[in-house]
Amino acid sequence: MTPINPTELTAQQEQIRLIRARRAPGSHNTHISLHGVTQSFSPNKNAPPLVALNNVNLEIHPGEFLCIVGPSGCGKSSLLNLIAGLAFPSSGEVQLNGERVTGPGTDRILIFQEHGLFPWLTVGQNVEFGLRMLGIGRKERRERADHYLRLVHLTSFRDSYIHQLSGGMRQRVAIARALATEPKILLLDEPFAALDAQTRDMLHDELERLWRETGCTIVFVTHNVRESVRLGDRVLLMSFRPGTIINEFAIPLQRPRHIEENRVAQLAREILDHLRADINKAMEVEFANTPRSK
Amino acid sequence: MPIRRVLNNVIFYAVLLGIWAWVIHLRIWPPYLFPSQSDVFASLRSGFSDGSFFIAIAVSLRRVAIGYVISVVLGLVLSLIISSSKFFSDTLSPLLTSLQNLPSICWLPLALLWFGLSESSILFVIIMGATPSIAMAVESGIHSMPRIYSQVGRNLGARGVKLFLHVLLPASLPHLIAGMKQGWAFAWRALFSAEMLSITIGLGQQLMQGRDLNDMSLVMAVMALILVLGLTVNFVVFRSVERWLARRWGTSNPA
């Protein structure tokens, strides 16, 4: 929440180096790779199968902030589900450090657009949930939950219920809950799409800070090109049906960045031009489908 | 409860009692078919003073409580089986729906042949009456639960029994409680169906005794008792549980 000025940056980077050094060796060098991943599904029994992802090849480097941009329905979410191990490819392979992903794990936590917080638990209990499933004792659970609630500035809401929080606060709880299991990879599926611009800006700052402090890898899916330029080290462009990676941009802009900055807007504009052709294609398909479905 | 609502109820029941007194005054029906308020009150008083009502209430409540608890456990197990297996959701689920539509009294001949005129036969009827409705309500709760909860749960390391206990069960809690409330109504009805045809102690038997003795005021007294007991359970147990749920989940407060 606190804006980071350049003088603080080096001190913080030093702190990050220390945090990273304190971690178990190898904990922050998890390498994700996708080899020829194709996923298709049938919307209903009679229709031909839809190809959500077609021959996706991708390397995600340890500690990287990767953004994936594409029109709605391009299979971005499917990609995250595959990495999370909540779904499996029709063909091809998703690998973690060279080993095939066979199911979900707390080393890869997915954050959804609709936070998915449990309404029957308090904020604190939500954050503790993953730790509880791992069989960690009450005291340590509490300490770790408190730590991550502090990181997202929600300590005073530990005993509140989810419906008592605003949209932005809910997303912060979801982030704290994801971080509490200390994942190596954080997967975010349009996490801020439903929030107002001010809240989203604030959460961009927080996510960037958390990424630096924890040293985790982030894969961030969005349809907002500017957001991807604001956050990412690298931006991948996906095409509409069949979803495949059509372009890749390194974002050389120095951090901290802000979404309203000229350099961010300019780079976003360049990427958007590449994307436009694909958005048009997506819209044509949508319009072509509309009369038939009625 | 707001004062206005209390006042409305006082007025409503005063008018109802007034109409009753007026009909008695008109002497349309003989008193042995349509007893006066004082006769019914006298039956209530004698029933409580000789202790027979207390015993009947205790026995009936104990019976329905045992039957209900067993039904809830069975209902939960059945809903778990149905929701975790395509085979059973294709087969067991329609069967339970049809059983739910079967009036519980239809189980009585079967129960009497199997268990005779015993406590077990009454329990059997209660359980057969309440279990399907609980199982179906909980199953529909699990079924209509947003997929995101189980995805998040699995992602955070919950699997198998843990996933059911910590995610699926609490996520379907509103449906679960609706199902348990419905199950209670079924159990309550089944209890009196069974008690009236069995020869045992209990409120249902008191009701039949009134019939056998041609004692209409006793019949009305017991019916009033059953109504009040049913309402009390609904208000004291289910209403407070629903309120608690509304507070926690932030759903609208049930009126």
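Residues numbered from 1 in each chain as written. Chains lettered and ligands numbered in written order. Predicted model: local features only at pLDDT ≥ 70, side-chain atom pairs only at ≥ 80, totals over all residues.

Below, the discussion takes up the overall build of chain B. Within chain B, the regular secondary structure consists of 11 helices and 0 strands. The order of α-helices and β-strands along chain B, N terminus first, is α-α-α-α-α-α-α-α-α-α-α. Burial status across chain B gives 34% buried among its 255 residues. Put simply, of all contacts in chain B between residues at least 6 apart along the chain, 70% involve residues at least 24 apart. (Helix = DSSP H or I, 4+ residues; strand = E, 2+ residues; numbered from the N terminus. Buried ≥ 20, exposed ≤ 12 C-beta atoms within 10 Å, placed from the backbone. Contact = placed C-beta atoms within 7 Å.)

Time to look at the sheet that holds strand β6 (residues 108-111) of chain A. Residues and elements named next belong to chain A. An order of β6-β7-β8-β3-β9-β10 is seen for the 6 strands of this open sheet, with the pairing classed as mixed. Of all the strands in the sheet, just β6 and β10 (245-250) have a single pairing partner and so form its edges. Adjacent strand axes in the sheet meet at a mean angle of 15 degrees, parallel and antiparallel pairs treated alike. With 5 bridges joining them, strand β9 (residues 234-238) and β10 adopt antiparallel strand pairing. In the strand pairing of β10, Met-238 is matched with Ile-245. (Pairing = 2+ DSSP bridges. Axes fitted to C-alpha atoms, helices over the stretch in contact; angles between N-to-C directions.)

The next point concerns the packing of helix α9 (residues 173-197) of chain B against helix α11 (residues 216-249) of chain B. Residue and element names in this part refer to chain B. For the pair α9 and α11, the least separation of the axes is 11 Å and the interaxial angle reads 175 degrees. By the angle between their axes, α9 is roughly antiparallel relative to α11. The segment α9 lies against α11, with Leu-173, Pro-174, Ile-177, Lys-181, Trp-188 and Phe-192 engaging Ile-226, Gly-230, Phe-238, Val-241, Glu-242, Leu-245 and Trp-249. Tallied by class, residues from the contact of α9 with α11 come to 10 nonpolar, 1 polar and 2 charged. (Parallel < 35°, antiparallel > 145°, perpendicular 65-115°, else oblique. Nonpolar A, V, L, I, M, F, W, Y, C, P; charged D, E, K, R; others polar.)

Moving on, we come to the interface of chain A and chain B. Taken together, the 19 residues of chain A in the interface contact 15 residues of chain B. Listed by contribution, the elements that provide at least two residues to the side of chain A that touches chain B are β6 and α3 (123-133) of chain A. Looking at the side of chain A that touches chain B element by element, the count peaks at 3 residues for α3(A). Here the side of chain A that touches chain B is built from residues that sort into 13 nonpolar, 5 polar and 1 charged.

Our next topic: unusual backbone geometry. Positioned with a positive phi, A:Glu190 is a non-glycine residue whose angle comes to about 40 degrees. Backbone geometry at B:Arg27 places phi at a positive 55 degrees, although glycine is not the residue there. Note on placement: B:Arg27 falls in the loop between α1 (3-26) and α2 (37-49).

Residues and elements named next belong to chain A. Burial along β6 is two-sided: Arg-108 and Leu-110 and Ile-109 and Ile-111, pointing in opposite directions, are all buried. Direction of pairing for β6 relative to strand β7 (residues 185-189): parallel, over a ladder of 4 bridges. Residue pairing for β7: Arg-108 is matched across the bridge by Ile-185.

All names here are of chain A. One open sheet holds the 4 strands; their spatial order is β2-β1-β4-β5, and the pairing between them is antiparallel. The strands lining the two open edges of the sheet, one partner per strand, are β2 (50-60) and β5 (99-100). Here strand β4 (residues 91-96) pairs with β5 via 2 bridges, running antiparallel. Across the sheet, residue Gln-95 finds its bridge partner in β5, namely Arg-100.

Attention now goes to helix α8 (residues 160-171) of chain B. The α-helix winds at 3.6 residues per turn, so residues separated by three or four positions along the chain end up facing the same way. Residues and elements named next belong to chain B. When the terminal C-alpha atoms of α8 are compared, their 15 Å separation across 12 residues agrees well with the 16 Å that a helix rising 1.5 Å per residue should span. Among the residues of α8, Phe-164, Val-167, Leu-168 and Ala-171 are the ones counted as buried. End-on, the buried residues of α8 take up no more than an arc of 130 degrees, which puts them together on one face. Opposite its buried face, α8 presents the exposed residues Val-161 and Leu-165, each directed more than 90 degrees away. (Expected span 1.5 Å × (residues − 1). Arc of directions from axis to C-beta.)

Before going further, it helps to spend a moment on α11(B). All names here are of chain B. In a regular helix each residue adds 1.5 Å, so 34 residues correspond to 50 Å; α11 covers 48 Å between its end C-alpha atoms and thus fits that length. The sharpest bend along α11 measures roughly 30 degrees and falls at Phe-238. Those residues of α11 that sit buried are Met-216, Ser-217, Leu-218, Val-219, Met-220, Ala-221, Val-222 and Leu-225. Against the buried residues of α11 lie α2, α3 (52-84) and α10 (203-212). (Bend = angle between axes of the 7 residues up to and from the residue.)

All right, on to the pairing of strand β3 (residues 65-69) of chain A then. Residues and elements named next belong to chain A. Taken across its 5 residues, β3 has 5 buried, putting it largely inside the fold. Of the two faces of β3, the one lined by Phe-65, Cys-67 and Val-69 and the one lined by Leu-66 and Ile-68 are each fully buried. Taken together, the 5 bridges between β3 and strand β8 (residues 217-222) define a ladder with parallel strand orientation. Within β8, the position partnered with Phe-65 by the bridge is Ile-218. As paired strands, β3 and β9 are joined by 4 bridges and run parallel to one another. Paired with Val-69 across the two strands is Leu-237, which belongs to β9.

Residues and elements named next belong to chain A. Structurally, Val-123 can be placed in helix α3. Classification of Val-123 as buried rests on a count of 28 C-beta atoms within 10 Å. Setting aside residues no more than four positions away along its own chain, Val-123 makes contact with Leu-154, Phe-157, Arg-158, Ser-160 and Val-173.

Coordinates in, geometry out; function isn't part of it.
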